[in-house]
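What follows is each chain in one-letter form.
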There are 2 protein chains.
Amino acid sequence: MTQTTHTVLLVDDHPLLRKGVRQLLDLEIDIKVIGEAANGKDAVVLAKELTPDLILLDLSMKGMDGIETLVTLREANVKSRVVVFSVSDDSNDVVTALKSGADGYLLKDTEPEELIESIRRACDGKMVISDELNEVLALSFREQQKSLGPDLNSLTRRELQIIKYIAEGLSNKLIGRKLDIAESTVKVHVKNLLKKLNLRSRVEAAIWMVEQKK
Amino acid sequence: MTQTTHTVLLVDDHPLLRKGVRQLLDLEIDIKVIGEAANGKDAVVLAKELTPDLILLDLSMKGMDGIETLVTLREANVKSRVVVFSVSDDSNDVVTALKSGADGYLLKDTEPEELIESIRRACDGKMVISDELNEVLALSFREQQKSLGPDLNSLTRRELQIIKYIAEGLSNKLIGRKLDIAESTVKVHVKNLLKKLNLRSRVEAAIWMVEQKK
DNA sequence: ACCGAACTACTACTTTGGGAGTAGTTTACG
DNA sequence: CGTAAACTACTCCCAAAGTAGTAGTTCGGT
């Protein structure tokens, strides 16, 4: 069997964790960490530049978060396999990541040996999911069945940002300031988002949103 | 000045992170990692056995979580200083940790140099808090004020009926019809109820209500 | 090169929401 | 009996929300 080298790009805003992972992976002759990024923007740039076999992507980053980064990477036609590496075993995070095109989802408390094995398998084109998440995933499929109506995923990024602010009680004006766009533009998004979700007012949107996330 | 050695116990269920931190701290001559624990139970045992100067404690662990561990340590009369080391900048986590007797709260995305400095200062008896948390902390004090404020019980029967309808997304006009009173009257009640609850709009009222009942 | 989706921003208009004030009625309580 | 709280309803006024239509930009995909 030919021993190919797997190239890896680490994306995580925790310097210490990057250090730990890098140290671990450097011990493996067939795995090479060719880059590190501390945020989504850098990650996208580096990914295009280095075309790593695999991107190990943290979910919780400030600025552009993991999911946004993932989506951006996919939109930029980055061919690297992307494995999310997160502390969260929340089904929403897992499902969102996979829906957004992640090739795997590993928990940060994974044992080192298992992490290494998973990276190899991911580079070979397999999908890798931490064992602990099987139950979580199974349950989330059942959830999907009952929520047939339109949901958050039918919203665009902007609309999603805006409905979140609505669910915090912000006015259009304030939302505009937060997102640095005109109030009139916010109104357009609100109108569209209400129509998509079949709601009649921002109050209903706020309620819907709050109940959603519980 | 006498150069004392600071002894540290790492408590975190992520092997990789422990590895990263240990590697970092081992480079400092005045800091010595004398033990590692992957869970709360081990942490308590080791703390009693080793009496480290400082315990760097992760919040999110399976089994006994960070806060439980912290409380247990305090109950066991462990004199070591305890600094929470967490990814979470959620004000609840921060406040709970400090209330439970933590001597500091550092975010995991702290820069290595800053982490080392903070550890030294913590060992010197100072309280160390990540800069990013100042705002969070300040806000949480305001929250406290507001939670001392009135609740549902301070509302009259009418106001209670009306806020319930608001939390179902109804307009003043519709509420008026439901209760067979004029829209103008509904407005009066809404105005009064907003003032009592210290809210700024019906949207906030709806959110507050929905979160209340769950 | 063209198309469509998303995002932006405007004008113009209507409806809804919310503040402030006045005031009449009912009801419970000392 | 008097009074205070709750409920009712109005007016006036302005701010916020929401609808409709036009239109420019950017960006990814066919």
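Check the entry above for the structure.
(A) Structural view of the pairing of strand β2 (residues 31–37) of chain B. Taken together, the six bridges between strand β1 (residues 6–11) of chain B and β2(B) define a ladder with parallel strand orientation. Bridge pairing in β2(B) places B:L10 opposite B:E36.

(B) Structural view of the environment of A:V8. Residue and element names in this part refer to chain A. Secondary-structure assignment places V8 in strand β1 (residues 6–11). On a C-alpha basis, the gap between V8 and L54 in space is 4.9 Å, while along the polypeptide they are 46 residues apart. If we ignore the near neighbours within four places in the chain, the residues touching V8 are L25, I31, K32, V33, I34, G35, P52, L54 and I119.

(C) Just the sheet that holds β2(B), in detail. Residues and elements named next belong to chain B. Taken in spatial order, the six strands line up as β2-β1-β3-β4-β5-β6 in an open sheet, and their pairing is parallel. If you trace the sheet from one side to the other, it starts and ends with β2 and β6 (128–129), each paired once. The pairing of strand β4 (residues 81–86) with strand β5 (residues 104–107) spans four bridges and is classified as parallel. Paired with V84 across the strands is Y105, a residue of β5. Strand contacts of helix α3 (residues 66–75): β3 (54–57) and β4, with the helix running at about 160 degrees to β3, the strand carrying the most contacts.

(D) Just the protein's contact with DNA strand C, in detail. Neighbouring DNA strand C are 17 residues, the closest being A:T156, A:R158, A:A182, B:K187 and B:R202. Within 4 Å of the protein, the atoms of DNA strand C are drawn from sugar and phosphate moieties in a proportion of 67%. Here a phosphate oxygen of DNA strand C sits 2.7 Å away from a polar atom, N or O, in the main chain of A:A182. Within the backbone of B:N172, one N or O atom sits 3.1 Å away from a phosphate oxygen of DNA strand C. With four residues, the top contributor of residues to the surface near DNA strand C is helix α9 (residues 183–197) of chain A. Looking at the surface near DNA strand C, its residues break down into four nonpolar, seven polar and six charged.

(E) Structural detail: the packing of helix α7 (residues 157–166) of chain A against α9(A). Residue and element names in this part refer to chain A. For the pair α7 and α9, interaxial distance at closest approach is 9 Å and the crossing angle is 90 degrees. Overall, the two elements α7 and α9 adopt an arrangement that is roughly perpendicular. Taking contact as the criterion, the partners of R158, E159, I162, I163 and I166 in α7 are, on α9, V186, H189, V190, N192, L193, K196 and L197. In the contact of α7 with α9, the residues fall into seven nonpolar, two polar and three charged.

(F) Seen up close, a negative patch on the surface. Residues and elements named next belong to chain A. Taken together, D89, D90, E111, E113, E114, D131 and E132 make up a surface patch of like negative charges. By the element assignment, E132 lies in the loop between β6 (128–129) and α6 (133–146). Take E132: its relative accessible area is 42%, and that puts it in the partly exposed class.

What counts, and at which threshold
Residues numbered from 1 in each chain as written. Chains lettered and ligands numbered in written order. Predicted model: local features only at pLDDT ≥ 70, side-chain atom pairs only at ≥ 80, totals over all residues. Heavy atoms only, no water. Pairing = 2+ DSSP bridges. Helix = DSSP H or I, 4+ residues; strand = E, 2+ residues; numbered from the N terminus. Contact = heavy atoms within 4.5 Å. Axes fitted to C-alpha atoms, helices over the stretch in contact; angles between N-to-C directions. Near = heavy atom within 4 Å. Polar contact = N/O pair within 3.5 Å; in protein donor to acceptor, adjacent residues only side chain to side chain. Nonpolar A, V, L, I, M, F, W, Y, C, P; charged D, E, K, R; others polar. Parallel < 35°, antiparallel > 145°, perpendicular 65-115°, else oblique. Patch = residues over 30% accessible without salt bridge, like charges linked within 9 Å, V, L, I, M, F, W, Y side chains within 5 Å. Areas by Shrake-Rupley, 256 points an atom, 1.4 Å probe, with all protein chains shown as cover. Salt bridge = Lys/Arg side-chain N within 4 Å of Asp/Glu carboxyl O. Lys, Arg positive; Asp, Glu negative; His and termini not counted. Charge placed at Lys NZ, Arg CZ, Asp CG, Glu CD. Buried < 20%, exposed > 50% of the residue type's maximum accessible area, 1.4 Å probe, protein only.

By themselves, these observations are geometric and do not establish any function.
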